[in-house]
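Given next are the chains, with one letter for each unit.
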Amino acid sequence: YVHEKDFSGEAMEYNIRRHYQVNLKLFEQGDTTPRRALYLALGAKLCAPERQLEFLQLAHKVSNTPLDRFRTLLSMGFFYSEQGLWADALEAFGAATHVRPDLPDPWLAGGKEWFQNGDYARAIEWLRTGLGLKFNPIESYVRPRDLKVMYVGFLGLAWEAFAESLLKTEKHTDALEAYEE
């Protein structure tokens, strides 16, 4: 049997705080690997929000493999997005697409960011690129279900919003083609 335990919110918060303190102690003893810095950045969301960017920048500085750099840029993009800094988020996602163009994560996250900021043509471009890439369960953080359901839904919404924006400019033929897509 597989044992699954439901943790309360308090238990989860306790575990995050405890792991943050353990990682912080290792960091202060000189462990400044990209993985340690990314763990600290995640824990800092709850324990020390003012240090989250510091740990992300450290992870970027010490990352020495394309995958480490990719994951750091992706994390930076999510951080900037959560702060409402969409241009910085898109810059980080764009940089991640240059480091590892074969992974869908930054393409899909960037497409979502473009969509939320009303640039539906770019959202479509980024989402199509991300959805067209081969799934890599080892290096990608995107869940297979999200690839098949959530991001396909976002792409549909982007096409619909794009068509509606074309209708407002009275480009009816182009809008019809977008609706058909």
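The structure under discussion appears in the preceding block.
Cut-offs applied
Residues numbered from 1 in each chain as written. Predicted model: local features only at pLDDT ≥ 70, side-chain atom pairs only at ≥ 80, totals over all residues. Heavy atoms only, no water. Helix = DSSP H or I, 4+ residues; strand = E, 2+ residues; numbered from the N terminus. Phe/Tyr/Trp six-rings, centres within 6.5 Å; stacked < 30°, edge-to-face > 60°. Buried < 20%, exposed > 50% of the residue type's maximum accessible area, 1.4 Å probe, protein only. Lys NZ or Arg CZ within 6 Å of the ring centre and 35° of its normal.

Draft legend 1. Molecular detail of the environment of phenylalanine 78. By secondary structure assignment, the location of phenylalanine 78 is in helix H4 (residues 66-82). The spacing of phenylalanine 78 and glycine 110 is 32 residues in sequence and 9.6 Å in space, taken between C-alpha atoms.

Draft legend 2. Spotlight on the packing of aromatic side chains. Enumeration over the complete set of coordinates arrives at nine aromatic pairs. Relative to phenylalanine 55, the ring of phenylalanine 27 has its centre 5.5 Å away and its plane inclined at 90 degrees; by these criteria the two rings are edge-to-face. Here the residue phenylalanine 27 occupies a position in helix H1 (residues 9-28), and phenylalanine 55 occupies one in helix H3 (residues 52-62), the gap between them amounting to 28 residues. Residue phenylalanine 27 is classed as buried on the basis of its relative accessible area of 17%. When the centroid spacing of 5.8 Å and the interplanar angle of 70 degrees are considered together, the rings of phenylalanine 115 and phenylalanine 154 count as edge-to-face. Of this pair, phenylalanine 115 sits in helix H6 (residues 105-116) while phenylalanine 154 sits in helix H8 (residues 144-168), placing them 39 residues apart in sequence. You'll find phenylalanine 115 and phenylalanine 154 in the same group, each marked buried. Here the aromatic cluster, defined as three or more aromatic residues joined through ring pairs, consists of Phe115, Tyr120, Tyr151 and Phe154. One Lys or Arg, arginine 122, reaches over the ring of tryptophan 114 and ends 4.9 Å from the middle of that ring.

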